[in-house]
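Per-entry structural report
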Amino acid sequence: MADRQLDEWDIAHGGLRSLSSREIKVFWDGYLAHRNDPRIRHGSLYSRWRHVSDDLVVSLYLTNRSVGLFVRGQRGEGYATTASRLSAFEPRLGQALGVSLRGEYALCYLTNHPVAMIDPANWQLAYAWLEGQEEHYVSVLSDMVVGA
């Protein structure tokens, strides 16, 4: 379409610019202020962790194209170990979370919300989505895994 405006989703593969470390810090500082929850900890530059138990973590992450989360074990525990441990709660756990234990990537119960994170105008929506998913995951994991 000749009169159609180009937006960032039309840019060729890899076309969205990367987020700077400063933008990432500002995003996470904003999320932590939004949540005001001391249980959310620093994971890495791109992630924050919400511990459900000593060996179960909801990892929140940020990319230039999305925000999302997945379930992991304690630091140093590999995907195969975590997936094997959580498979004891299948299929009910996956159904309750609304995602598969094993997906396209080696991350347990991965879900994401596609949104151009290079635009700070999208951040409030991303905060709301992350908060809702974070609370859902923590509630389900607390009831079905930790409480088992």
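First, a word on what this report is: a plain description of the structure on this page. (Residues numbered from 1 in each chain as written. Predicted model: local features only at pLDDT ≥ 70, side-chain atom pairs only at ≥ 80, totals over all residues. Heavy atoms only, no water.)

**Focus: the overall build of the protein chain**
Scanning the protein chain from N- to C-terminus turns up 4 helices and 5 strands. When the elements of the protein chain are put in sequence order from the N terminus, they spell out α-β-β-β-β-α-α-β-α. Partitioning the intrachain contacts of the protein chain with sequence separation of at least 6 by distance along the chain shows that 57% fall at a separation of at least 24. When the accessible area of the protein chain is evaluated, it comes to approximately 8300 Å², of which 52% is carbon and sulfur surface. (Helix = DSSP H or I, 4+ residues; strand = E, 2+ residues; numbered from the N terminus. Contact = heavy atoms within 4.5 Å. Areas by Shrake-Rupley, 256 points an atom, 1.4 Å probe, with all protein chains shown as cover.)

**Looking at the side chain of Thr-111**
Within the element layout of this structure, Thr-111 appears in strand E5 (residues 108-114). A relative accessible area of 16% places Thr-111 in the buried class. Excluding its chain neighbours within four sequence positions, the residues that come into contact with Thr-111 are Tyr-61, Gly-68, Leu-69, Val-99, Trp-129, Gln-133 and Tyr-137. (Buried < 20%, exposed > 50% of the residue type's maximum accessible area, 1.4 Å probe, protein only.)

**As for the packing of aromatic side chains**
Aromatic rings in a pair are described by how distant their centres are and how their planes are angled relative to each other. Under the defined criterion, the tally for this structure stands at 6 aromatic pairs. Centroid distance Tyr-61 to Phe-70: 6.2 Å. Interplanar angle 40 degrees. Geometry classified as tilted. We classify Tyr-61 as buried; its relative accessible area is 13%. We classify Phe-70 as buried; its relative accessible area is 13%. Pairwise contacts between aromatic rings join Phe-27, Trp-28, Tyr-31, Trp-123 and Tyr-127 into one cluster. Arg-72 extends its terminal NZ or CZ atom over the ring of Trp-49, reaching a point 4.2 Å from the ring centre. (Phe/Tyr/Trp six-rings, centres within 6.5 Å; stacked < 30°, edge-to-face > 60°. Lys NZ or Arg CZ within 6 Å of the ring centre and 35° of its normal.)

**Focus on the packing of helix H1 (residues 21-35) against helix H4 (residues 123-146)**
Where H1 contacts H4, the two axes come as close as 10 Å, and the packing angle between them is 55 degrees. Between H1 and H4, the crossing angle belongs to the class labelled oblique. For the pair H1 and H4, the crossing hand works out as right-handed. Facing H1, whose interface residues are Glu-23, Val-26, Phe-27, Trp-28, Gly-30, Tyr-31, His-34 and Arg-35, H4 presents Trp-123, Ala-126, Tyr-127, Leu-130, Glu-131, Glu-134 and Glu-135. Looking at the contact of H1 with H4, its residues break down into 8 nonpolar, 2 polar and 5 charged. (Axes fitted to C-alpha atoms, helices over the stretch in contact; angles between N-to-C directions. Parallel < 35°, antiparallel > 145°, perpendicular 65-115°, else oblique. Left-handed = near helix turned anticlockwise from the far one by under 90°. Nonpolar A, V, L, I, M, F, W, Y, C, P; charged D, E, K, R; others polar.)

**A look at the pattern of salt bridges**
With the rule as written, the count across this model stands at 11 salt bridges. Note that Asp-37 is salt-bridged to Arg-39, the shortest N-O span being 2.7 Å. Note on Arg-39: relative accessible area 45%, which makes it partly exposed. Each of the salt bridges in this network shares a partner with another, and the network as a whole consists of Arg-35, Asp-37, Arg-39, Arg-50, Glu-131, Glu-134 and Glu-135. (Salt bridge = Lys/Arg side-chain N within 4 Å of Asp/Glu carboxyl O.)

**Considering the sheet that holds strand E3 (residues 56-62)**
Across the sheet, 5 strands lie side by side as E1-E2-E3-E4-E5; this open sheet has antiparallel pairing. Only two strands of the sheet have a single partner each, and these edge strands are strand E1 (40-44) and E5. Neighbouring strand axes in the sheet, compared pairwise and without regard to direction, differ in orientation by 25 degrees on average. For strand E4 (residues 66-72) and E5, the ladder comprises 5 bridges, and the chain directions are antiparallel. In the strand pairing of E5, Gly-68 is matched with Asn-112. In this fold H4 packs onto E1, strand E2 (47-53), E3, E4 and E5, with an angle of close to 15 degrees to the strand it touches most, E4. (Pairing = 2+ DSSP bridges.)

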